[in-house]
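Architecture and fold: a report
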Amino acid sequence: MSRSISLPETLDLSAFRRPIAGASARVEAAIARGVQAGPDVPFAGASRLLEPGGDGLTDGVVRNSDGMLVVACLTDLPGNSPSMWDWWFGWHGISSERYRLWHPEDHVWSGVSEDRRGVADLRERYVGLDSHVDERIASPEVLKLTISFRRPASFGLDQAAVDRVGTAICARVGFRGTPLNTGRLIHLIRRTDHGSEMLSRFWLGDLELAMPLVGMVLSPLLNTRQRRLRLLPDQTGLNLLRHCAMEMNHLASILPSLHQRFGSP
């Protein structure tokens, strides 16, 4: 298990500590519709997000025929640039105070596997890093998670195509202290006339044992429809949709001024 670095905050963040609003009426309507039974949204088709119309999803939760839960969330980011989000993912994890700016109700604690504050390239500050967090997902339970950031190419996204539209934050997610990865996420930030928009996708139930040899043998045995249905009730996906919509909208409202105050040149 990788170590965790969490430093005391030395910056004055008081101007950016603001109450968080609930999810939009659009998102709440999607939650009220409940989990939809297909059509399937396979991880193998993630590159469709790079097409002009994306993959056709906005907000909602889909139960694939293989039992996997797919959460889709669209966030408007007025005044935000893709590079601001690259900066954010390399800046916030080292301090719990920074992490709590993102969702002051659900976010509890944050640490990272390596201090990369001296790295010049914004993406290289987080790609390959493990972010360790304690957070609620729109429910009382505090989850202890590890978010392992990966290169878009490893998720089937062509880097040149990503650069043309904006940026993509990709990660494997699992429970901290265990070798089990339980899902994948992509946040694709695309430039628009007024700033950017974010297409968030979570594939929950893509199980992987991060153990050499043993994982190669056992991981396929874990990924059965029955196990996914047992481990991932519908409410898990609906809670994540609400949490994602709230945190991304909240951060979008403060990120331009936060980046102006603390961002790199």
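Residues numbered from 1 in each chain as written. Predicted model: local features only at pLDDT ≥ 70, side-chain atom pairs only at ≥ 80, totals over all residues. Heavy atoms only, no water.

**Regarding the state of the cysteines**
Going by this rule: Counting rule for disulfides: a pair of cysteine sulfur atoms within 2.5 Å. Relative accessibility thresholds used throughout: buried, under 20% of the residue-type maximum; exposed, over 50%; partly exposed, between the two (1.4 Å probe, protein chains only).
This structure, assessed with the given rule, holds zero disulfides. Its sulfur unpaired, cysteine 73 is 4.0 Å from the next cysteine sulfur, which belongs to cysteine 244. Residue classification places cysteine 244 among the buried residues on the basis of a relative accessible area of 0%.

**A look at helix 7 (residues 234–262)**
The α-helix advances 3.6 residues per turn, and as a result positions three or four apart in sequence lie on the same side. We apply this condition: Secondary structure elements follow DSSP: runs of H or I no shorter than four residues count as helices, runs of E no shorter than two count as strands, and numbering proceeds from the N terminus. In a helix, the anticipated span is given by 1.5 Å times the number of residues less one. Two axes enter the definition of the bend at a residue: one is fitted to the seven residues ending there, the other to the seven starting there, and the bend is the angle between them.
Taking 1.5 Å of rise per residue, the 29 residues of helix 7 would be expected to cover 42 Å, and the 39 Å separating its terminal C-alpha atoms lies within 8% of that figure. Bending of helix 7 peaks at approximately 45° at the position of leucine 255, with proline proline 256 no more than four residues after it.

**As for the environment of alanine 168**
Formally: What makes two residues a contact is simply this: any of their non-hydrogen atoms within 4.5 Å.
You can see alanine 168 is positioned in strand 6 (residues 166–175). Under the relative-accessibility criterion, alanine 168 is labelled buried at 5%. Counting along the chain gives 86 residues from alanine 168 to isoleucine 254, while the straight-line C-alpha distance between them is 20 Å. Apart from the residues lying within four places of it in its own chain, the contact partners of alanine 168 are Tyr126, Pro152, Leu157, Val162, His187 and Leu188.

**Comments concerning the sheet that holds strand 2 (residues 69–78)**
Worth spelling out the cut-off: When DSSP finds two or more bridges between two strands, those strands count as paired. Helix axes are fitted only over the stretch in contact, all axes being lines through C-alpha atoms; the angle between N-to-C directions runs from 0 to 180 degrees.
In space, the eight strands of this open sheet follow the order 1-2-8-7-6-5-4-3, with antiparallel pairing throughout. Two strands close off the open sheet at either side, each with one partner strand: strand 1 (60–63) and strand 3 (107–112). On average, each strand axis in the sheet is tilted by 25° relative to the strand beside it, whichever way the strands run. Bridge count between strand 5 (residues 142–150) and strand 6: six bridges; the pairing is antiparallel. If you follow isoleucine 147 over to strand 6, its bridge partner there is valine 173. Along the sheet face, helix 7 touches strand 1, strand 2, strand 3, strand 4 (130–136), strand 7 (180–192) and strand 8 (195–209) and points at about 15° away from the line of strand 2.

**A word on the packing of aromatic side chains**
What characterises a pair of aromatic rings is the spacing of the ring centres plus the angle enclosed by the ring planes. Quick note on the threshold: Centres within 6.5 Å are what make two rings of Phe, Tyr or Trp a pair, Trp counting through its six-membered ring; a difference in plane orientation under 30 degrees is then read as stacked, over 60 as edge-to-face, and the rest as tilted. Each ring is checked for a lysine NZ or an arginine CZ that lies within 6 Å of its centre and within 35 degrees of its normal; such an atom marks a charge sitting over the ring.
A full pass over the atoms with the stated rule returns twelve aromatic pairs. Arranged with centres 5.8 Å apart and planes meeting at 20°, the rings of tryptophan 91 and phenylalanine 262 form a pair that is stacked. Here the residue tryptophan 91 occupies a position in helix 2 (residues 82–91), and phenylalanine 262 occupies one in helix 7, the gap between them amounting to 171 residues. Ring pairing ties together the aromatic residues Phe16, Trp87, Trp88, Phe89, Trp91, Tyr99, Trp102, Tyr126, Phe149 and Phe262, which thus form one cluster. Positioned above the aromatic ring of phenylalanine 43 is the side chain of arginine 184, whose terminal nitrogen or guanidinium carbon lies 4.4 Å from the ring centre. Taking NZ or CZ as reference, arginine 184 lies 5.3 Å from the ring centre of phenylalanine 155, over its face.

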